[in-house]
Amino acid sequence: MKKNTNCKYIFVTGGVLSGVGKGITAASMGAILKAKGFKVTMQKCDPYLNVDAGLLNPIEHGECYVTHDGIETDLDLGHYERFLDFETSKYSITLSGSIYKELIERERAGGFHGKTVQLVPHFTDLVQEKIALASRDSDIHIVEIGGTVGDYEGLPFIEAIRLFANKVGRENCLYLSVVFVPWLNTSKELKTKPAQNALKDLRGFGIIPDVVCVRTEKPASRSICEKIAAFAGLNPDAVLNLPDIDSVYDVPLNVLRSGVLEILDKFVGSSKTPDMRKWEKFSKMRSTNWPEIVKVGLVAKYVGNEDTYICVTEALKAAAAHNHKNLDLIWINAEKLEESDPEAVGLLHSVDGVVVPGGFGSRGVEGKILAADYCLAHDVPYLGLCLGMQVACIAAARRGGVKDANSEEFGATAKNNVIYIMEDQKGKESTGASMRLGDYPAKLKHGTKTAKIYRDEVEECGEYVYGTEVLKNGDVKVIERHRHRYEVNQDFLPTIEKGGLVVSGYSPDGKLVEFVEAPKLKFFQATQAHPEFKSRPLHVHPLFMEFIKSLK
Ligand code: GLN
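Before going into details, it helps to say that this report is about the structure given with it.

1. A word on the nonpolar core
Among the nonpolar cores identified, the biggest contains 83 residues, and I10, L316, V355, F544 and F547 are the most heavily contacted of them. In this view, F544 contacts V312, A315, L316, A319, L383, L385, P531 and E532; residues no more than four positions away in its chain are not counted. If you look at the next biggest cluster of nonpolar residues, it comprises 48 residues, including I369, V402, I421 and L493.

2. Some remarks on a nonpolar patch on the surface
A contiguous nonpolar patch, built from L49, Y100, I104, L119 and V120 and spanning about 470 Å² of accessible area, is present on the exposed surface. Elements with a contribution of two residues or more to the nonpolar patch: α4 (96–108) and α5 (119–134). You can see Y100 is positioned in helix α4.

3. Considering the sheet that holds strand β21 (residues 486–488)
By definition, the strands of a sheet pair up through backbone hydrogen bonds, in either a parallel or an antiparallel sense. Spatial strand order, β16-β17-β21: three strands in an open sheet with mixed pairing. Each edge of the open sheet carries a strand with a single partner, namely β16 (406–407) and β21. Relative to strand β17 (residues 417–421), β16 runs parallel, the two being bridged by two bridges. Its bridge partner lying in β17, N406 is registered against N417. Along the sheet, helix α16 (residues 387–399) contacts β16, β17 and β21; its crossing angle with β17, the most-contacted strand, is approximately 145°.

4. Considering unusual backbone geometry
Look at the link from V120 to P121: it is a cis peptide, with omega at 15°. In this fold, P121 is placed in helix α5. Notably, D379 is not glycine yet its phi reads approximately 50°, a positive angle. Inspection of the secondary structure assignment puts D379 in the loop between α15 (365–378) and β15 (382–385). On the basis of relative accessible area, D379 is assigned to the partly exposed category, the value being 29%.

5. Side note on the packing of helix α7 (residues 193–204) against helix α8 (residues 222–232)
Closest axis-to-axis distance for the α7/α8 pair is 10 Å, and the angle between their directions is 35°. In the crossing of α7 with α8, the sense of the turn from one axis to the other is right-handed. Counting all contacts with α7, which are made through A195, Q196, L199 and R203, the residues of α8 involved are K227, I228, F231 and A232. Classifying every residue of the contact of α7 with α8 by side-chain character gives five nonpolar, one polar and two charged.

6. A few points about α15
An ideal rise of 1.5 Å per residue puts 20 Å on 14 residues; α15 measures up with 20 Å between its terminal C-alpha atoms. The first or second residue beyond α15 is D379, which carries a positive phi of 50°.

7. Considering the environment of A198
Note on placement: A198 falls in helix α7. Of the residues examined, A198 reaches a relative accessible area of 10% and is grouped as buried. Counting along the chain gives 97 residues from A198 to K295, while the straight-line C-alpha distance between them is 44 Å. Non-local contacts of A198, meaning those with residues more than four positions away in its chain, are made with G15, V16 and V179.

8. With respect to the sheet that holds strand β19 (residues 469–470)
Sheet architecture is open: ten strands sit in the order β13-β12-β14-β15-β24-β23-β22-β18-β20-β19, paired in mixed fashion. The open sheet has two free edges, formed respectively by β13 (326–333) and β19, since each of these has just one partner strand. Direction of pairing for strand β14 (residues 353–356) relative to β15: parallel, over a ladder of three bridges. The partner of V354 across the bridge, within β15, is Y382. Of the strands in this sheet, β12 (293–300), β13, β14 and β15 are in contact with helix α12 (residues 310–322), which crosses β13 at around 150°. Lying on the sheet, helix α19 (residues 542–550) is in contact with β12, β13, β14, β15, β23 (513–517) and β24 (524–527); it crosses β15 at an angle near 155°.

Definitions and cut-offs
- Residues numbered from 1 in each chain as written.
- Predicted model: local features only at pLDDT ≥ 70, side-chain atom pairs only at ≥ 80, totals over all residues.
- Heavy atoms only, no water.
- Core = buried A, V, L, I, M, F, W, Y, C linked by side-chain atoms within 4.5 Å.
- Buried < 20%, exposed > 50% of the residue type's maximum accessible area, 1.4 Å probe, protein only.
- Contact = heavy atoms within 4.5 Å.
- Patch = residues over 30% accessible without salt bridge, like charges linked within 9 Å, V, L, I, M, F, W, Y side chains within 5 Å.
- Areas by Shrake-Rupley, 256 points an atom, 1.4 Å probe, with all protein chains shown as cover.
- Salt bridge = Lys/Arg side-chain N within 4 Å of Asp/Glu carboxyl O.
- Helix = DSSP H or I, 4+ residues; strand = E, 2+ residues; numbered from the N terminus.
- Pairing = 2+ DSSP bridges.
- Axes fitted to C-alpha atoms, helices over the stretch in contact; angles between N-to-C directions.
- Left-handed = near helix turned anticlockwise from the far one by under 90°.
- Nonpolar A, V, L, I, M, F, W, Y, C, P; charged D, E, K, R; others polar.
- Expected span 1.5 Å × (residues − 1).

Here is the structure:
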């Protein structure tokens, strides 16, 4: 194992329950350390047997996040990118399934030379190798272990992080445990017993945490932390209370207030004050009651589950805050719209702008086409993301005269497939990691609104995150992340144009349509990519910024 001898490691585990904000707490520590000037990276180790998140159901699991190098992952990596403003990669996610797969493939290829292959040391060694790889360029690397300590499938990861300290030195590792302390309404008290047991379990696996974050619904008295510290044999100063707060983006400031800074300072050997001004400013903008309220309709299949479109909703909320507006997000059920349900139609007619996010399969798609058509017809601001661009092209083609325009994804028999399958995607519809995934460049045509939006951003900020470049001829090169199988059939471009949309960006070889816009409308931008994956709360993606700006 090649180790980065300058790196310090923070290992984050959870006790009692999952879903109590372990990832956000970890990412907030990262944000604080970044604000102290360190290069911080993060990694999630998840005990699922899936090889990646690409085939997981978005209702159960939330959005599938895509890294720049094309790995389909958990939405946690999106949080990491938003909090730390760095690009995660294939090294940032380690699932049991991928570790087993690699071990079994190595075993089948004779790579173990007849040895018995075991969880310890083979699984645990490979996890440590992945941690070393993920941290090779970092000052501080944070590793979050999914699930809760004691879960069967998580144990090899716990053992791996324990062993890791032997390799890099215990002084270079900080173990942080996030435990939940429930409020018992009947006796009106906080119950610390589950947390005590969780810490006992962790100790049983050989890890004594350096910090315990006690998550509570309401602020807890100091005595609660002291009690946990006493039972766990810890210094009371190492047990901190983190009560619930309104917004995840206030967690870094909240964590800072909890008294963690002293511990982090000692661990990293620097007492430099973290520069949290941008977080403070964002927090203020976000919580201000701005006089202007903008109503954005999100036309989607999985309504009400924010996690399914979390990057989109986060980008919209941040864009509203930065534009000094309050966002009223209206969920519009695409299937209901398709059935002309009066309530859904009424909602569509009531909003100031429409977003159609990514999606798969034919369910509700006519509703999304209808929404795009409505925006084209009534000059209502529209932002189309991936499928949102495909439905916009279908709507425009129908308006341009091809009444049965469709996508091969929804009606394989239709003749007029404005959206069709990419040659190399045929037959792979239900397989994993087989789409066009990750970063791809596109060239935006000089003179289009799309090019202007990105160019303005470059001029204002020096550079938009990761790779926007203004070329000599005025075109703009952008890099956005993708996750799709289908593309625009360019034979239909004249019809699409007749319906009001023009291509504003192509792949550099001109073969794929990457961006379309309605030049005559106030704001109508759609892309085959997922710009939401690159939007950050402290630096919002320009398409989202301009979309919100265009409303009202
Ligand atoms: N289902 C469409 C495709 O595969 C769009 C995908 C998406 O929106 N991510 O091309």
